[in-house]
Amino acid sequence: MSRDTHPGVQCPHCQSHLALVPVPGNAVPGNSAVSVPASVPAVPIVAKEEWQPPPVAEVLAVYAGRAKDTVTAARGAAKVRESLNRAKAAAAQRRAAQRTARRTPKSA
């Protein structure tokens, strides 16, 4: 089995199996054993597309026909505000405790 068609050659990113194809005109200088026949067609390289999230309009289309419940929305916003205020107060208290712990009492 040739090294060029070995099934173990894979792309490190997408794990696709690769086949090494000689490119015409890129003969190794000084090596007469490596010669590229003129009849080998050049294979176009197609880049694999990276995953992208769906468009926002597509995602929001699911919610398009729903009616807005203002009471529930206001209640949810109040809960979020309350939680944020609690988190801010806890962070301020934690910073104050750290600040006092860093201050070492000076001995006389």
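Everything numeric in this text was worked out from a predicted model, so none of it was measured.

**Q** Sorry, what's going on with the overall build of the protein chain here?
**A** Tallying secondary structure elements over the protein chain gives 2 helices and 0 strands in all. By residue count, 2% of the 108 residues in the protein chain fall in the buried class. Approximately 10300 Å² of the protein chain is accessible, and the part contributed by carbon and sulfur atoms is 60%.

**Q** Help me understand a nonpolar patch on the surface, please; the structure alone is not making it clear to me.
**A** On the surface, a nonpolar cluster with roughly 490 Å² of combined accessible area is contributed by V56, V59, L60, V62 and Y63. Among the secondary structure elements, V62 is positioned in the loop between α1 (56-60) and α2 (70-102). Note on V62: relative accessible area 56%, which makes it exposed.

**Q** What is the right way to look at a positive patch on the surface in this model?
**A** On the surface, R94, R95, R99, R102 and R103 cluster together into a positively charged patch. Here R102 lies in helix α2.

Calculation criteria
- Residues numbered from 1 in each chain as written.
- Predicted model: local features only at pLDDT ≥ 70, side-chain atom pairs only at ≥ 80, totals over all residues.
- Heavy atoms only, no water.
- Helix = DSSP H or I, 4+ residues; strand = E, 2+ residues; numbered from the N terminus.
- Buried < 20%, exposed > 50% of the residue type's maximum accessible area, 1.4 Å probe, protein only.
- Areas by Shrake-Rupley, 256 points an atom, 1.4 Å probe, with all protein chains shown as cover.
- Patch = residues over 30% accessible without salt bridge, like charges linked within 9 Å, V, L, I, M, F, W, Y side chains within 5 Å.
- Salt bridge = Lys/Arg side-chain N within 4 Å of Asp/Glu carboxyl O.
- Lys, Arg positive; Asp, Glu negative; His and termini not counted.
- Charge placed at Lys NZ, Arg CZ, Asp CG, Glu CD.

Read these as spatial facts, not as claims about activity.
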